[in-house]
Amino acid sequence: DNFFICVFQRGGSVFPQAAKIALPAACFTLCLSTFIYLEFFPSISGYFSNSGSVLNDSAAWTGFSGLVGFLIVFRTSQAYSRFWDGCTA
């Protein structure tokens, strides 16, 4: 009945395995972002400044977004095809 209990159950769920990978990466990213914001690492802070940053280059974002979109659509299409092959076999 309860959606959250069903989703976050330990047995048969992928969330505990995914959390083992995702939570340390998220914590590392949070710490690194904080250190860059507070300029604890001045040698790499220049890469993330507003002037000349790759984060502000619209061509880089457009290319990256197009590639990620294509990969997501391709993988979803492959998974859907395999699902229907399994259902009709």
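All values reported here derive from a predicted model rather than from experimental measurement.

Thresholds, definitions, all that
Residues numbered from 1 in each chain as written. Predicted model: local features only at pLDDT ≥ 70, side-chain atom pairs only at ≥ 80, totals over all residues. Heavy atoms only, no water. Helix = DSSP H or I, 4+ residues; strand = E, 2+ residues; numbered from the N terminus. Buried < 20%, exposed > 50% of the residue type's maximum accessible area, 1.4 Å probe, protein only. Phe/Tyr/Trp six-rings, centres within 6.5 Å; stacked < 30°, edge-to-face > 60°. Patch = residues over 30% accessible without salt bridge, like charges linked within 9 Å, V, L, I, M, F, W, Y side chains within 5 Å. Areas by Shrake-Rupley, 256 points an atom, 1.4 Å probe, with all protein chains shown as cover. Salt bridge = Lys/Arg side-chain N within 4 Å of Asp/Glu carboxyl O. Expected span 1.5 Å × (residues − 1). Bend = angle between axes of the 7 residues up to and from the residue. pLDDT = per-residue confidence, 0-100. Disulfide = S-S within 2.5 Å.

K.L.:
Which parts of the structure should I look at to understand the overall build of the chain?
P.N.:
When you go through the chain residue by residue, the secondary structure sums to 4 helices and 0 strands. Seen in sequence order, the chain has helices and strands lined up from the N terminus as α-α-α-α. Relative to its full complement of 89 residues, the chain shows a buried share of 4%.

K.L.:
Looking at this model, I keep getting lost on the packing of aromatic side chains. Mind explaining?
P.N.:
Aromatic ring pairs are reported here in terms of the distance separating the ring centres and the angle at which the planes meet. Applying the stated criterion to the full structure yields 5 aromatic pairs. When the centroid spacing of 5.3 Å and the interplanar angle of 50° are considered together, the rings of Phe-35 and Phe-40 count as tilted. For the pair Phe-70 and Phe-74, a centre-to-centre distance of 6.3 Å together with 20° between the ring planes defines the contact as stacked. Placement of both Phe-70 and Phe-74 in helix 4 (residues 58–88) is noted, with a separation of 4 residues, approximately one turn of the helix. When its relative accessible area of 44% is taken as the criterion, Phe-74 is described as partly exposed. Three or more aromatic residues joined by ring pairs make a cluster, and in this case those are Tyr-80, Phe-83 and Trp-84.

K.L.:
Help me understand a nonpolar patch on the surface in this model?
P.N.:
Residues Phe-28, Leu-32, Phe-35, Tyr-37, Leu-38, Phe-40 and Phe-41 make up a contiguous nonpolar surface patch of about 770 Å² in total accessible area. In this structure, Tyr-37 sits in helix 2 (residues 15–37).

K.L.:
I'm lost on helix 2 in this one. Help?
P.N.:
An α-helical turn contains 3.6 residues, so a residue and the one three or four places further along point in the same direction. Compared with the 33 Å implied by 1.5 Å per residue over 23 residues, the 31 Å span of helix 2 between its first and last C-alpha is a close match. At Ile-21, helix 2 is bent by approximately 25°, the largest bend along its length, and proline Pro-24 sits one to four residues beyond. Glu-39, located one to two residues past helix 2, shows a positive phi value of around 60°.

K.L.:
Teacher, can you tell me more about the confidence of the model for the chain here?
P.N.:
Taken residue by residue, the chain gives an average pLDDT of 83. The fraction at 70 or more is 82%. For the chain, per-element mean pLDDT is lowest for helix 3 (residues 42–45), which scores 72, and highest for helix 4, which scores 92.

K.L.:
Sorry if this is basic, but what is going on with the state of the cysteines here?
P.N.:
Defined simply, a disulfide is a covalent bond joining two cysteines at their sulfur atoms. This model, assessed by the stated rule, comprises 0 disulfides. Among the cysteines around Cys-31, which has no disulfide bond, Cys-27 carries the closest sulfur, lying 6.7 Å off. For Cys-31, a relative accessible area of 41% puts it in the partly exposed group.

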